[in-house]
Amino acid sequence: MSTGRTDIPVRLIADVFERIEVITSRIQMTALLVTLFKQTPPEIIDRVVYLIQGRLWPDWKELPELGVGEKLLVKAIALATNSSEAQVEDLAKSLGDLGKVAEQLKSRISGRQQGVTLFSFTQQQPELTVNKVYDTLVRVAMAQGEGSKDLKIRLLAGLLREASPKEAKFIVRFVEGRLRVGIGEATVMDALAITYGGGVAARQVIERAYNLRADLGKVAKILALNGLEALRNVRPEVGVPIRPMLAERLSDPKEILEKVGGDAFIEYKYDGERAQIHKKDDKVWIFSRRLENITHQYPDVVELARDHLKAREVIVEGEIVAYDLDTGELKPFQELMHRKRKHEVRTVLKEYPVKVFLFDLLYADGRDYTIEPLPVRRGKLLEIVDRTEEFTVAEYIRTSDVKELEKFFLKAISDGAEGVMVKALHDGSIYQAGTRGWLWIKFKRDYRSEMIDTVDLVVVGAFYGKGRRGGKYGALLMAAYNDEKDVFETVCKVGSGFKDEDLDKLPEILKPYIRDRKSPRVVAEMEPDVWVEPALVAEIIGAELTLSPIHTCAYGRIKSDAGLSIRFPRFIRWRPDKRPEDATTSNELVEMYNQQLKKIAGESKPVEEA
Ligand code: ATP
């Protein structure tokens, strides 16, 4: 264990979590982090960043999770506090959370110990440090196979024994995964900019580096050890995911073409799973849209990539789509989900075959292509992909003609795609990692209702049901993401569209995220029965977007005393592939509202469905 200058007491982190339970503004939260970072030696800033994000490493690393369920945790707390498991469980029922249980049981003991210490002058225990906690938690995660449960319990109990009550609460909540959603990465980046970059202006450089290498701990370490200039020179690295570029949406083809500068590539928008494929010699990684490592789910794609990407080191992006072996036809996204649920890989490969349609190239043999315009990236993509039926480049045309766009859109739909992506190809058409922008515009088929498209919103609260839904949750408070302020702003209360089984599962789904009070990242006027930490994303459709004085989404932007809301919202499905920060943004809802107004005014005509 390191000590002295390359370590700090873990108490400093536990303090931050204790304070954010009661503070309400992001500015205060950032200030707390700046104070913490200033006390942190650069050598361990990565560990501190991971710990405050409630993790040991980025999720995409092929490393095990902690693997400690509620039962093991109860055992560890009991062992560390000389209590029985029944005592721990009883207390959990009345306090509602194991973190508080550990805190309370520990404070009883430390009260006793203090008494003893006063009389016997025994030496005080050394403080628990970040490295000690981090290294021990890594050992907990790494303990696998026979006997690992006991080892995990012993390691955790050991830590808890040395911890103060407040530290015990922090450690238990960390293990439970409760801290994962508390502090947003945007806030961490702001605090890093202030601490090491001389002010918020440095935030841009940090964000760009993070977009290219989605490992905030490592980005923080480069910054803390080598300075802002070193961060400016960061380039993509094979094996480390790049945060995906995202599209805006519009419903008028003429306007879409104008917006991207007239001339454009029009590509099929496939309805599958986004995949960022990295290859270095024979090693292949596949990362999902939310940057999870999904390599093991697609051994067939790994093989295809290995055989058909003709570069030693390369990062490409595409869509993995399920198809029918007999007819060759593409199947919708839901089909892929069946594949994910099955575990026997060999049957999966036969029952749910997939095709890969590549649409971008970000890095090849030492060259960073994210800074190149789309035609250069596409040229290189066509050069390095040895195209086959299963592994190919997305269907596309190049045009500046609205009629051709509409024709291609209808062809895309009849071929099983969701619509088209219209992509700018001028000199500025770089790959904007981690950004939703107007260089890509999606044009989808869903025009059945006044609302142009479904939206993805984040659960921030829940309401108890009445009547037939008594004793369960009956509705959810949903919010959009305000990416400028890193907060979630409420849009609607949704109670329709749920099947009985969805409602039955709600308590279990929400349980890990229930909070005593509103998260500082949520902006709300409406008071739900319970507050929920922003973590879960659901797809919602409604009749139309309206103004509402009780919702806070884009409040004051369209009308001084109103926000945006959805009339007759309906739950469609969960979107586990999205993080809360991937939800529809408040800005996008403003755009959609404006589109809707235009449509009502008859200024734009949607394309007929095929
Ligand atoms: P949606 O919810 O409509 O699927 P999204 O929010 O996941 O969209 P968007 O940026 O809005 O992401 O739409 C782009 C998504 O469409 C990509 O994430 C990718 O999965 C998929 N896609 C399919 N075909 C293409 C293509 N040719 N180019 C880019 N993305 C494509």
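Residues numbered from 1 in each chain as written. Predicted model: local features only at pLDDT ≥ 70, side-chain atom pairs only at ≥ 80, totals over all residues. Heavy atoms only, no water.

### Description of the overall build of the protein
To be explicit about the condition: Under the scheme used here, helices are H or I runs from DSSP no shorter than 4 residues and strands are E runs no shorter than 2 residues, and both carry numbers assigned from the N terminus. Note on classification: 1.4 Å probe, protein chains only; a residue is buried when its accessible area is under 20% of the maximum for its type, exposed when over 50%, partly exposed between these limits. Any two residues whose heavy atoms approach within 4.5 Å at even a single point are treated as in contact. The charged-residue count follows a simple rule in which Lys and Arg add positive charge and Asp and Glu add negative charge, with His and chain termini not counted at all. The location of each charge is read from NZ of Lys, CZ of Arg, CG of Asp or CD of Glu.
From N to C terminus, the protein includes 21 helices and 21 strands. Principal-axis analysis of the C-alpha atoms places the extent of the protein at approximately 90 × 60 × 55 Å. Here the protein holds 610 residues, and 57% of them are scored as buried. Across the protein, the fraction of contacts at a sequence separation of at least 24, relative to all contacts at a separation of at least 6, is 73%. Placing the 94 positive and 95 negative side-chain charges of the protein at their respective mean positions leaves the two points 3 Å apart.

### Focus on the packing of aromatic side chains
In this description, a pair of aromatic rings is defined by centroid distance and the angle of the planes. Our working definition: Stacked, tilted and edge-to-face pairs are distinguished by plane angle, under 30 degrees for stacked and over 60 for edge-to-face with tilted covering the rest, among Phe, Tyr and Trp rings (Trp via its six-membered ring) whose centres lie within 6.5 Å. Placement of a positive charge over a ring is assigned whenever Lys NZ or Arg CZ falls within 6 Å of the ring centre and within 35 degrees of the normal to the ring plane.
Going through the model one piece at a time under the given rule, you end up with 14 aromatic pairs. Between Phe17 and Phe170, the aromatic rings sit 5.5 Å apart at their centres with planes inclined by 25°, giving stacked as the arrangement. Here the residue Phe17 occupies a position in helix 1 (residues 11-20), and Phe170 occupies one in helix 9 (residues 165-176), the gap between them amounting to 153 residues. Since its relative accessible area comes to 8%, Phe17 is described here as buried. For Phe170, a relative accessible area of 4% corresponds to the buried category. With a centroid separation of 5.5 Å and an interplanar angle of 80°, the aromatic rings of Phe265 and Tyr396 are classed as edge-to-face. Of this pair, Phe265 sits in strand 2 (residues 264-269) while Tyr396 sits in strand 9 (residues 396-399), and the two are 131 residues apart along the sequence. Here Phe265 falls in the buried class, since its relative accessible area comes to 6%. Chaining the aromatic ring pairs together yields one cluster made of Tyr268, Tyr270, Phe357 and Phe408. Between the NZ or CZ atom of Arg575 and the centre of the ring of Phe333, over which it lies, the distance is 5.9 Å.

### Description of the UniProt feature "binding site: ATP" (unreviewed entry) in the protein
Note the cut-off: UniProt positions are given in the numbering used here, feature names are shortened, and annotations may be inferred rather than shown by experiment.
The UniProt entry lists Glu267, Arg274, Arg289, Glu319, Phe359, Arg436 and Lys442 under the feature "binding site: ATP" (unreviewed entry), expressed in the numbering used here. Structurally, the position occupied by Arg274 is in strand 3 (residues 273-280). With near-sequence residues (within four places) excluded, Arg274 lies in contact with Pro244, Met245, Leu246, Phe287, Ser288, Arg289, Glu317, Gly318, Glu319, Phe359, Tyr431 and Trp440. Within the secondary structure, Lys442 sits in strand 11 (residues 436-444). Relative accessible area serves as the criterion here: at 14%, Lys442 is assigned to the buried category.

### Concerning the site of the ligand
Defined as follows: Any residue with a heavy atom lying within 4 Å of a molecule or strand is counted as near it. Each polar contact in these results corresponds to two N or O atoms within 3.5 Å; when the atoms are within protein, one needs to be able to donate a hydrogen and the other to accept it, and residues that are neighboring in sequence are counted only if both atoms are side-chain atoms. The accessible surface values rely on the Shrake-Rupley method and a 1.4 Å probe; as for residues, cover is taken only from the protein chains in view. An automatic or database domain assignment supplies the residue ranges for each domain.
Taken together, 19 residues surround the ligand, and among them Glu267, Glu319, Lys442, Lys444 and Lys578 come closest. Between the ligand and Tyr268 there is a distance of 2.9 Å, counted from a nitrogen atom to a backbone nitrogen or oxygen. Lys444 is positioned such that a nitrogen or oxygen atom in its side chain is 2.7 Å from an oxygen atom of the ligand. For the ligand, whose unbound accessible area comes to 600 Å², protein coverage reaches 94%. Listed by contribution, the elements that provide at least two residues to the shell around the ligand are strand 1 (246-249), strand 2, strand 10 (419-424) and strand 11. Residue assignment places the shell around the ligand across two domains, with domain 3 (255-444) and domain 4 (455-598) each supplying three or more.

### Quick look at the environment of Thr546
Within the secondary structure, Thr546 is located in strand 19 (residues 544-548). In this structure Thr546 comes out as partly exposed when scored by relative accessible area, which is 22%. Separated by 31 residues in the primary sequence, Thr546 and Asp577 place their C-alpha atoms 28 Å from one another. If near-sequence neighbours (up to four positions away) are discounted, Thr546 is found in contact with Gly563, Leu564, Ser565, Arg567 and Tyr593.

### A look at the pairing of strand 20 (residues 563-567)
Our working definition: At least two bridges found by DSSP between two strands are what make those strands a pair.
Strand 20 sits mainly inside the fold: four of its five residues count as buried. With five bridges connecting them, strand 19 and strand 20 associate as antiparallel partners. In the sheet register, Thr546 faces strand 20, and the bridge partner there is Ser565.

### Side note on the nonpolar core
To keep it simple, the criterion reads: Buried Ala, Val, Leu, Ile, Met, Phe, Trp, Tyr and Cys residues form a nonpolar core when they are joined through side-chain atoms within 4.5 Å.
Judged by nonpolar contacts, the single largest core of 125 residues is most densely connected at Phe37, Leu56 and Ile171. When near neighbours in sequence (up to four residues on either side) are disregarded, Leu56 contacts Tyr50, Leu51, Leu66, Tyr134, Leu137, Val138, Ala141 and Phe174. Membership of the second largest hydrophobic core comes to 32 residues, among which are Val455, Leu536, Ile540 and Leu545.

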